[in-house]
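# A closer look at the structure
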Amino acid sequence: MSESTELAGRRFPVPEHVAAQANVGPDAHERAAQDRLGFWAEAADRLTWAQRWDEVLDWSNPPFAKWFVGGKLNVAYNCVDRHVEAGHGEQVAYHWEGEPGDTRTLTYAQLKDEVSRAANALVELGVQAGDRVAIYLPMIPEAVISMLACARIGAVHMVVFGGFSADALASRLEDSGAVLVITSDGGYRRGAPSALKPAVDDAVSRSPGVRNVVVVKRTEQDVEWTEGRDLWWHETVDRQSAEHTPEAFDAEHPLYIMYTSGTTAKPKGILHTSGGYLTQVAYTHWATFDLKADTDVFWTAADVGWVTGHSYIVYGPLANRATSVMYEGTPETPHRGRWFELIQKYGVTILYTAPTVIRTFMKWGEDIPAGFDLSTLRLLGSVGEPINPEAWLWYQEHIGGGRCPIMDTWWQTETGAHMITPLPGVTSLKPGSAQTPFPGISAKVVDDEGNELGDDATGLLVLTEPWPSMLRTIWGDDDRYVDTYWSRFGKEVYFAGDGAKKDADGDIWLLGRVDDVMNVSGHRISTTEVESSLVAHPTVAEAAVVGASDPTTGQGIVAFVILRGNAEDSGDDLVQTLRNHVAKDIGPIAKPRQIMVVQELPKTRSGKIMRRLLRDVAENRELGDVTTLTDDSVMNLIKDKLPASA
Ligand code: WTA
């Protein structure tokens with residue numbers, strides 16, 4: 001038995017002290033199984049509604065769901081005002097820490113004032129309910145304030161991760177029809193200021209729909225200025241009144257759009273709405289992390305530019321009146337103990353992060369966390385990709401001090417909130433498995449025909465009932481919504497795009513994407529998107545991209561390119577040029593780890609590139625079945641291009 005299988009077979013029973021005080025006990029699954037909609041209605045009751053719903057779920061026109069039909073609420077009021085009204089205004093909402101070490105503390109009362117001012121500023125700039133507002137900011141408090149200000153006035157926010165390029169931003173501005181962009185001069189990244197405004201200037205010059213750009217001063221870098229269009233945040237927001245009356249919006253009022261990679265080059269604008277989304281992010285945050293609002297210090301170490309940040313830095317924690325840590329920078333700046341220093345400084349009790357970071361910490365060595373007092377930690381979470389048992393165990397021992405249960409949470413941008421996860425007071429843990437559908441969630445593993453599988457048989461993960469925080473559509477493209485998620489097994493079964501198996505205990509193991517989407521450091525990147533970027537370069541005729549397994553990042557991007565007849569293969573220079581081209585085109589996260597220039601690509605008789613074979617080459621595996629290849633000598637040509645170690 002390999003070390004990995006041995007670890008995977010180990011069980012970690014629920015510690016008694018955890019079970020004794022857990023928010024959610026074993027009855028939750030049972031209660032939800034008996035009355036799923038009643039269960040979600042109780043979860044929705046944890047929010048404050050301006051008007052109660054008439055019907056929990058309208059699923060009369062699948063896959064278009066309506067949750068809490070007829071209900072009205074204001075999301076920002078639920079996240080901020082109601083806590084202040086209940087006497088918790090002095091509680092810290094965020095301990096924010098900049099990469100250079102500057103800090104800012106925001107209490108719920110201060111957050112309420114800031115959000116109200118920003119909401120008044122948006123109204124002054126003519127932003128109306130339903131309008132789209134793009135947010136392209138570093139991890140600074142204004143990112144959260146802007147999101148909540150949008151929610152408060154019913155505008156739809158569309159946050160673009162600050163690491164994305166001007167082109168990526170431009171296509172998102174266009175697709176969403178944004179009328180305003182909130183950005184900053186720059187942010188701090190790996191010890192240096194990194195500019196953001198130039199990318200916005202570039203993108204907005206191609207987006208006639210954008211009327212204004214509001215700029216937060218963060219790094220004091222010089223910025224180009226377009227009079228009449230550009231406005232400083234401090235001049236526009238700070239002078240506003242801190243009074244703003246939140247209006248109640250329909251439960252199905254759009255809250256935000258978040259773009260994510262799909263199997264085509266065009267990213268999909270995932271649309272989330274208000275009541276159901278807030279219900280599920282708040283409930284899961286409270287249940288999965290066993291959150292105690294009065295005593296916990298919660299830290300989701302992710303960027304607000306991703307769904308993890310939306311649901312578990314902003315909406316879930318705030319709806320639950322949590323005290324959170326928010327950190328601007330990377331784990332190694334200015335030193336490799338930075339995260340542990342923050343845990344020690346703020347007394348973090350719950351840490352939520354991605355396996356890729358854990359594997360990086362493993363590489364750096366256990367002496368680093370051992371140098372800090374991490375004794376406040378009581379619970380750990382993982383998200384973004386399967387956590388391999390070795391990393392799970394290391395996380396548990398060297399960060400969690402052997403006493404912290406780990407919640408391995410499976411979910412997606414599309415699902416909005418946790419879907420498959422152990423629960424701290426309920427589940428005896430199995431390293432490597434996300435284990436159990438959350439109460440009220442129905443997940444199955446099926447074969448290609450939709451027959452349910454068990455006993456470790458590998459199949460596809462599907463969700464067989466709608467859930468409150470589900471995506472409602474792909475922005476502007478209902479057909480693509482139906483085709484992508486709800487057509488493989490009929491209109492009432494959600495196809496997640498992940499391979500999975502269910503073991504004899506009924507625990508679910510996630511096995512990675514089954515489509516052409518890579519998972520690099522927990523970020524979804526489409527192979528097609530990188531391919532089309534490569535072929536857009538004048539030297540490239542054809543490109544095939546695969547995600548090859550990588551010990552640290554989960555997958556690494558490996559590209560095979562065929563050059564145009566007149567292009568010269570200048571070796572390393574060309575490869576560097578192409579790597580930089582992709583980084584500029586899509587963003588540094590999409591920069592290929594490796595690019596191989598080849599003469600031909602392996603294709604099936606129908607002309608489809610055989611990515612599986614290329615993955616084998618990229619991972620130096622024995623080649624798989626090549627019988628459908630048009631010409632199997634192609635593979636020899638490709639292998640000839642590999643370094644001698646291959
Ligand atoms: C993968 C991130 C295994 C999966 C919240 C999914 C996981 C994709 C896990 C969604 C996990 C996420 N175990 N795989 N615990 N969590 N994934 O949209 O392939 O950025 O489909 O959402 O990440 O990525 P997304």
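Residues numbered from 1 in each chain as written. Predicted model: local features only at pLDDT ≥ 70, side-chain atom pairs only at ≥ 80, totals over all residues. Heavy atoms only, no water.

### Brief notes about the sheet that holds strand β14 (residues 254-260)
Spatial strand order, β12-β11-β8-β6-β7-β14-β15-β23: eight strands in an open sheet with mixed pairing. Either end of the sheet is taken by a strand with one partner, and the two such strands are β12 (230-232) and β23 (473-474). Here helix α9 (residues 197-205) sits on the sheet and contacts β6 (132-136), β8 (180-184), β11 (212-216) and β12; the angle it forms with β8, its principal contact strand, is near 160°. (Pairing = 2+ DSSP bridges. Helix = DSSP H or I, 4+ residues; strand = E, 2+ residues; numbered from the N terminus. Contact = heavy atoms within 4.5 Å. Axes fitted to C-alpha atoms, helices over the stretch in contact; angles between N-to-C directions.)

### So, the packing of helix α11 (residues 275-288) against helix α12 (residues 307-319)
Contact geometry of α11 with α12 gives a least axis separation of 8 Å together with a crossing angle of 85°. Judged by the inter-axis angle, α11 sits roughly perpendicular to α12. Residues Tyr 277, Leu 278, Val 281, Ala 282, Thr 284 and His 285 of α11 form the contact with α12, whose own contacting residues are His 310, Ser 311, Tyr 312, Tyr 315, Gly 316, Pro 317 and Ala 319. Residue composition of the contact of α11 with α12, by class: eight nonpolar, five polar and no charged. (Parallel < 35°, antiparallel > 145°, perpendicular 65-115°, else oblique. Nonpolar A, V, L, I, M, F, W, Y, C, P; charged D, E, K, R; others polar.)

### A few points about the site of the ligand
In the vicinity of the ligand, 17 residues are found, and the nearest of them are Asp 408, Thr 413, Asp 498, Arg 513 and Arg 524. Between a nitrogen atom of the ligand and a main-chain N or O atom of Glu 385, the distance comes to 3.4 Å. In terms of residue class, the shell around the ligand is built from six nonpolar, six polar and five charged. (Near = heavy atom within 4 Å. Polar contact = N/O pair within 3.5 Å; in protein donor to acceptor, adjacent residues only side chain to side chain.)

### Quick word on the sheet that holds strand β4 (residues 92-97)
Taken in spatial order, the seven strands make up an open sheet running β5-β4-β17-β16-β18-β19-β20, and their pairing is mixed. Of all strands in the sheet, those with a lone pairing partner are β5 (103-107) and β20 (406-409), marking the two edges. When the angles between neighbouring strand axes are averaged without regard to direction, this sheet yields 15°. As judged from the five bridges shared by β4 and β5, these two strands associate in the antiparallel manner. Within the sheet, the bridge partner assigned to His 95 lies in β5 and is Thr 105. Helix-sheet contacts for helix α7 (residues 141-153) involve β4, β5 and β17 (323-327), and the interaxial angle to β5 is about 30°.

### Quick look at the nonpolar core
Grouped together as the largest cluster of nonpolar side chains are 147 residues, with contacts concentrated most on Leu 111, Leu 148, Trp 299, Val 314, Tyr 315, Leu 318 and Ile 399. For Trp 299, the contacting residues outside a window of four places in its chain are Val 325, Tyr 327, Trp 339, Leu 342, Ile 343, Val 348, Ile 350, Leu 351 and Tyr 352. Ala 170, Ala 199, Trp 232 and Met 518 belong to the second-largest nonpolar core, a separate cluster that totals 48 residues. (Core = buried A, V, L, I, M, F, W, Y, C linked by side-chain atoms within 4.5 Å. Buried < 20%, exposed > 50% of the residue type's maximum accessible area, 1.4 Å probe, protein only.)

### Structural notes on the UniProt feature "domain: Acetyl-coenzyme A synthetase N-terminal" (unreviewed entry) in the protein chain
Summarizing the sequence annotation, UniProt attributes the feature "domain: Acetyl-coenzyme A synthetase N-terminal" (unreviewed entry) to residues 27-79 in the numbering used throughout. As a span, residues 27-79 carries 42% helix and 28% strand, and end to end its C-alpha atoms are 28 Å apart. (UniProt positions renumbered as here; feature names shortened; annotations may be inferred.)

### What to know about the domain arrangement of the protein chain
Domains assigned within the protein chain are domain 1 (3-500) and domain 2 (521-640). The gap between the C-alpha centroids of domain 1 and domain 2 is 32 Å. Taken together, the 24 residues of domain 1 in the interface contact 20 residues of domain 2. The contact between domain 1 and domain 2 buries some 1,600 Å² in all, and 45% of this surface belongs to carbon and sulfur atoms. Taken together, the connections running from domain 1 to domain 2 amount to one salt bridge. Along the contact surface separating domain 1 from domain 2 lie eleven residue pairs in polar contact (both at pLDDT 80 or more). Secondary structure elements with two or more residues in the side of domain 1 that touches domain 2: α8 (166-176) and α14 (355-364). The leading source of residues in the side of domain 1 that touches domain 2 is α14, at four residues. (Domains from an automatic or database assignment. Buried area = accessible area lost by both parts, 1.4 Å probe. Salt bridge = Lys/Arg side-chain N within 4 Å of Asp/Glu carboxyl O.)

### Overview of the pairing of strand β18 (residues 350-353)
Both faces of the sheet carry side chains from a regular strand, because those side chains alternate between them. The side-chain alternation of β18 yields two buried faces, one formed by Ile 350 and Tyr 352 and the other by Leu 351 and Thr 353. Judged from the three bridges that link them, strand β16 (residues 297-300) and β18 form a sheet pairing that is parallel. Of the residues in β18, the one forming a bridge with Phe 298 is Ile 350. The sheet contact formed by β18 and strand β19 (residues 379-383) spans four bridges and is parallel.

### A few points about the environment of Glu 235
In this structure, Glu 235 sits in helix α10 (residues 233-236). Using a relative accessible area of 49% as the deciding quantity, one classes Glu 235 as partly exposed. Along the sequence, Glu 235 and Pro 538 sit 303 residues apart, while their C-alpha atoms lie 44 Å from each other.

### As for the pairing of β19
Among the five residues in β19, five count as buried, and that is most of the element. Side-chain alternation along β19 places Leu 379, Gly 381 and Val 383 on one buried face and Leu 380 and Ser 382 on a second face that is also buried. One ladder, built from four bridges, connects β19 with β20; its direction is parallel. Its bridge partner being in β20, Leu 380 is matched across the sheet by Ile 406.

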